[in-house]
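Summary of structural features
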Amino acid sequence: MLRWLLLIPFALLVAMGFGMFALLIASVVSPDIALLIGGGFERLLTALFAQAESGFDPGPTAEAAFTLLGRLGFAIMVAPVVLVAVGSELFRIRSGLIQSGLTGMLAALLPLAMLRLSRAPTATETQIIAALFLVGAATGFVYWLIAGRGAGGERPVQ
């Protein structure tokens, strides 16, 4: 019980923090990801200030944009590692490769499903999807290092 109350939440928080660091590293390595992260925020702020200067209330636009960003962040950083962690605990999956791979797969696929990508991704989008997979896999691996190796608790002696 102590494992569910302390170790697993701690491991999830550390893994999510490492995922943010891995996303930062990915944005340094790949100019497309840096443009997506940095350029997206720059364009958003420019649009909000332009709305305010022209006399329109930027509140609804800002609310919608930050809601979408929050959902994307949740779909990339939080949901994949939490879903895999709960699944691995329930089904006693102790393999680091499975936990990392599933987390990476979910980190790449959940944002796509949320955005309802209905066409084949371009080369740049494929690179971003691959980076999201690697960030998710790194997040899953950090969770496995801290708490995943003992998933499901001790096995009963037979």
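Residues numbered from 1 in each chain as written. Predicted model: local features only at pLDDT ≥ 70, side-chain atom pairs only at ≥ 80, totals over all residues. Heavy atoms only, no water.

1. Comments concerning the overall build of the protein
Of regular secondary structure, the protein possesses five helices and zero strands. Listed by position from the N terminus, the elements making up the protein come as α-α-α-α-α. Based on the C-alpha atoms only, the size of the protein along its principal axes is roughly 75 × 35 × 30 Å. Counting every position in the protein, which comprises 158 residues, the buried fraction comes to 34%. When contacts within the protein are restricted to residue pairs at least 6 apart in sequence, long-range pairs at least 24 apart make up 79% of them. When the accessible surface of the protein is totalled, it reaches about 9700 Å², and 74% of it is carbon and sulfur. Where the 9 positive side-chain charges of the protein centre and where its 8 negative ones centre are 17 Å apart. (Helix = DSSP H or I, 4+ residues; strand = E, 2+ residues; numbered from the N terminus. Buried < 20%, exposed > 50% of the residue type's maximum accessible area, 1.4 Å probe, protein only. Contact = heavy atoms within 4.5 Å. Areas by Shrake-Rupley, 256 points an atom, 1.4 Å probe, with all protein chains shown as cover. Lys, Arg positive; Asp, Glu negative; His and termini not counted. Charge placed at Lys NZ, Arg CZ, Asp CG, Glu CD.)

2. Focus: the environment of Thr67
Structurally, Thr67 is set in helix H3 (residues 59–91). Assessed through its relative accessible area of 36%, Thr67 is described here as partly exposed. Sequence separation of Thr67 and Ser118 is 51 residues, and the distance between their C-alpha atoms is 22 Å.

3. With respect to unusual backbone geometry
Unusually for a residue other than glycine, Arg92 sits at a positive phi of about 55°. Turning to its location among the elements, Arg92 is positioned in the loop between H3 and helix H4 (96–115). Residue classification places Arg92 among the partly exposed residues on the basis of a relative accessible area of 32%.

4. Let's talk about the confidence of the model for the protein
Detail in the predicted coordinates should be disregarded across regions flagged by low pLDDT. Mean pLDDT over the protein works out to 86, with 94% of the residues at or above the 70 mark. Across the protein, element-level confidence peaks in helix H5 (residues 123–146) with a mean pLDDT of 91 and bottoms out in helix H2 (residues 31–53) with 84. (pLDDT = per-residue confidence, 0-100.)

5. Some remarks on the layout of surface pockets
Roughly 910 Å³ of internal volume is contained in the largest pocket. Along the walls of the largest pocket sit 25 residues, with Leu36, Ile37, Leu69, Leu72 and Ile76 positioned nearest its centre. Within the residue set of the lining of the largest pocket, elements represented by two or more residues are helix H1 (2–29), H2, H3, H4 and H5. Per-class residue counts for the lining of the largest pocket are 22 nonpolar, two polar and one charged. Taken as a whole, the second largest pocket holds about 160 Å³ of empty space. Together, Ala22, Ile25, Ala26, Val29, Ser30, Ile33, Gln127, Ala130, Ala131, Leu134, Val135 and Ala138 line the second largest pocket. Among the secondary structure elements, those contributing two or more residues to the lining of the second largest pocket are H1 and H5. Broken down by element, the residue count for the lining of the second largest pocket peaks at six residues, all from H5. A class-by-class count of the residues in the lining of the second largest pocket yields 10 nonpolar, two polar and no charged. (1 Å grid on protein atoms, 1.4 Å probe; cavity = no way out; pocket = protein on both sides within 12 Å on 5 of 7 lines; lining within 4 Å. Points joined across faces, edges and corners; volume = space filled by probe spheres on them. Nonpolar A, V, L, I, M, F, W, Y, C, P; charged D, E, K, R; others polar.)

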